[in-house]
Amino acid sequence: HNFDNGSGFIKLRDVSPDWDIVDLAFGEPAAGSTSRIAFTPDPHTSVAELQSDVQILHGRGKKVLLSVGGANGHVELRTAAERQEFVDSVTAILQLYNLDGLDVDFEGQSVHVDRGDSDFTHPTTPVIVNLIAALRAIRTNIGSRFLLTMAPETFFVQVGYQFYGGTSNGDTRTGAYLPVIHGVRDILTLLHVQDYNSGSVTALDNQFYAMGNADFLVAMTDMLLAGFPVANTGKTFPPLRPDQVALGMPANTNAANGWQPPPEVQRALNYL
């Protein structure tokens, strides 16, 4: 992290070898922009040290990604010019640190679906269309080794079963990640939806599930593995491959609400 949320500070080289993909968080828009991404290492770490640490992790066979967005990183690619600015700035950061790819962690108002945009398989909303094109362009710049992961909140994914963006009377952000995920599913490495920071969500059995227990983890993951109808569209979000689906969990109670003790997480994994 380029901040301390109370979970403590750890240098990249000291990350547990149990992790195969490590994210640097966060790349955020520069002041006055929603599309030009900047990354400033934590004050404990210099650019040169971070470059060295990435090399150390590569020597261990690990991958290191840039996570863009987060709670404070409002990203919107409203025009072709902003799309290109995003592509150029992210590519430069990946090349500077010799990173392996990108983790899309847009939150807040970054993604939404315009009213009347009812087909997630052929979206027309500019911020969605431009984001899909930008991710593909960055992959072209980096090459076939590029890894793409995403960490959306449940509000932007599974809630699309009950409400979908511009087709619903409520928030145009509901389910807004679905067209993005679908638009890059062929190059998507991992989707780790945040199984935390969430209200109750209606799952495939039409029951409400609240976070903080194994049932929530299973219900949310099941929706990605089985696919689900997208509200008010007549379309079904196809299932992802099992190897593309991971569980997003906070490391401890400081990291986010919805933390679960390891035995409860293991119970969910055993069930899945």
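My aim in this report is to walk through the structure given alongside it, one point at a time. (Residues numbered from 1 in each chain as written. Predicted model: local features only at pLDDT ≥ 70, side-chain atom pairs only at ≥ 80, totals over all residues. Heavy atoms only, no water.)

**What about the pattern of salt bridges?**
Turning to step 1, where the next piece is worked out: Applying the stated criterion across every chain, the model contains twelve salt bridges.
Turning to step 2, where the next piece is worked out: Here R173 ties to D171 by a salt bridge, and the two come within 2.7 Å at their closest N and O atoms.
Turning to step 3, where the next piece is worked out: By relative accessible area, which is 16% here, R173 ends up buried.
Turning to step 4, where the next piece is worked out: Residue classification places D171 among the partly exposed positions, given a relative accessible area of 31%.
Turning to step 5, where the next piece is worked out: Three or more residues are tied together by salt bridges with common partners; here these are K11, R13, E49 and D53. (Salt bridge = Lys/Arg side-chain N within 4 Å of Asp/Glu carboxyl O. Buried < 20%, exposed > 50% of the residue type's maximum accessible area, 1.4 Å probe, protein only.)

**Focus: the pairing of strand 3 (residues 63-69)**
Turning to step 1, where the next piece is worked out: Along strand 3, six of the seven residues are buried, which leaves the element largely enclosed by surrounding structure.
Turning to step 2, where the next piece is worked out: Where strand 1 (residues 21-29) and strand 3 come together, six bridges link them in parallel fashion. The residue of strand 3 that forms the bridge with G27 is V68.
Turning to step 3, where the next piece is worked out: Bridging between strand 3 and strand 4 (residues 101-105) involves five bridges; their strand directions are parallel. Bridging across to strand 4, S67 finds its partner in D103.
Turning to step 4, where the next piece is worked out: Handedness of the strand 3-helix 2 (residues 80-97)-strand 4 crossover: right-handed. (Helix = DSSP H or I, 4+ residues; strand = E, 2+ residues; numbered from the N terminus. Pairing = 2+ DSSP bridges. Right-handed = clockwise from strand over helix to strand, strands pointing away.)

**Some remarks on helix 6 (residues 262-271)**
Turning to step 1, where the next piece is worked out: Looking only at helix 6, the buried set comprises E264, V265 and A268. Looking down the long axis of helix 6, one finds its buried residues gathered within 100° of arc, a one-sided arrangement. Facing away from the buried side of helix 6, by more than 90 degrees, are the exposed residues P262, P263 and N270.
Turning to step 2, where the next piece is worked out: On its buried face, helix 6 sits against helix 5 (214-226). (Arc of directions from axis to C-beta. Contact = heavy atoms within 4.5 Å.)

**Remarks on the packing of aromatic side chains**
Turning to step 1, where the next piece is worked out: Applying the stated criterion across every chain, the model contains seven aromatic pairs.
Turning to step 2, where the next piece is worked out: Measuring from centroid to centroid gives 5.9 Å for F39 and Y97, while their planes differ by 90°, and the two rings are edge-to-face. One end of the pair, F39, is in the loop between strand 2 (37-38) and helix 1 (47-59); the other, Y97, is in helix 2, and 58 residues separate them in sequence. Both residues of the pair, F39 and Y97, belong to the buried class.
Turning to step 3, where the next piece is worked out: With centroids separated by 5.5 Å and ring planes inclined at 90°, the aromatic side chains of F155 and F156 adopt a geometry described as edge-to-face.
Turning to step 4, where the next piece is worked out: On the accessibility criterion, F156 (1% relative accessible area) is buried.
Turning to step 5, where the next piece is worked out: Joined through ring pairs, the aromatic side chains of F120, Y161, F228 and F237 make up one cluster.
Turning to step 6, where the next piece is worked out: The ring of F237 has R185 lying over it, and the distance from NZ or CZ to the ring centre is 5.0 Å. (Phe/Tyr/Trp six-rings, centres within 6.5 Å; stacked < 30°, edge-to-face > 60°. Lys NZ or Arg CZ within 6 Å of the ring centre and 35° of its normal.)

**Considerations on the environment of T121**
Turning to step 1, where the next piece is worked out: Position of T121 among the secondary structure elements: in the loop between strand 4 and helix 3 (126-142).
Turning to step 2, where the next piece is worked out: Separated by 68 residues in the primary sequence, T121 and T189 place their C-alpha atoms 19 Å from one another.
Turning to step 3, where the next piece is worked out: Apart from residues lying up to four places away in sequence, T121 is in contact with H182 and K235.
Turning to step 4, where the next piece is worked out: A polar side-chain atom of T121 sits 2.4 Å from a polar atom in the side chain of D119.
Turning to step 5, where the next piece is worked out: Among the polar contacts made by the side chain of T121, one reaches the side chain of H122 at a distance of 3.0 Å. (Polar contact = N/O pair within 3.5 Å; in protein donor to acceptor, adjacent residues only side chain to side chain.)

**Let's talk about the sheet that holds strand 1**
Note on sheets: strands pair through backbone hydrogen bonds, and any given pair is parallel or antiparallel.
Turning to step 1, where the next piece is worked out: In space, the six strands of this open sheet follow the order 2-1-3-4-5-6, with mixed pairing throughout. Two strands in the sheet have a free side with no partner beyond their single neighbour: strand 2 and strand 6 (190-191).
Turning to step 2, where the next piece is worked out: Two elements, strand 5 (residues 147-150) and strand 6, share two bridges in a ladder whose sense is parallel. By the bridge assignment for strand 6, M150 is matched with L191.

**A few points about the packing of helix 2 against helix 3**
Turning to step 1, where the next piece is worked out: Between helix 2 and helix 3, the least distance of the axes is 9 Å, while the angle of their chain directions is 35°. Here helix 2 runs over helix 3; the crossing is right-handed. Across from A80, R83, F86, V87, V90, T91, L94 and Q95 in helix 2, the residues of helix 3 making contact are N130, A133, A134, A137, I138, N141 and I142.
Turning to step 2, where the next piece is worked out: Looking at side-chain class alone, the contact of helix 2 with helix 3 contains ten nonpolar, four polar and one charged residues. (Axes fitted to C-alpha atoms, helices over the stretch in contact; angles between N-to-C directions. Left-handed = near helix turned anticlockwise from the far one by under 90°. Nonpolar A, V, L, I, M, F, W, Y, C, P; charged D, E, K, R; others polar.)

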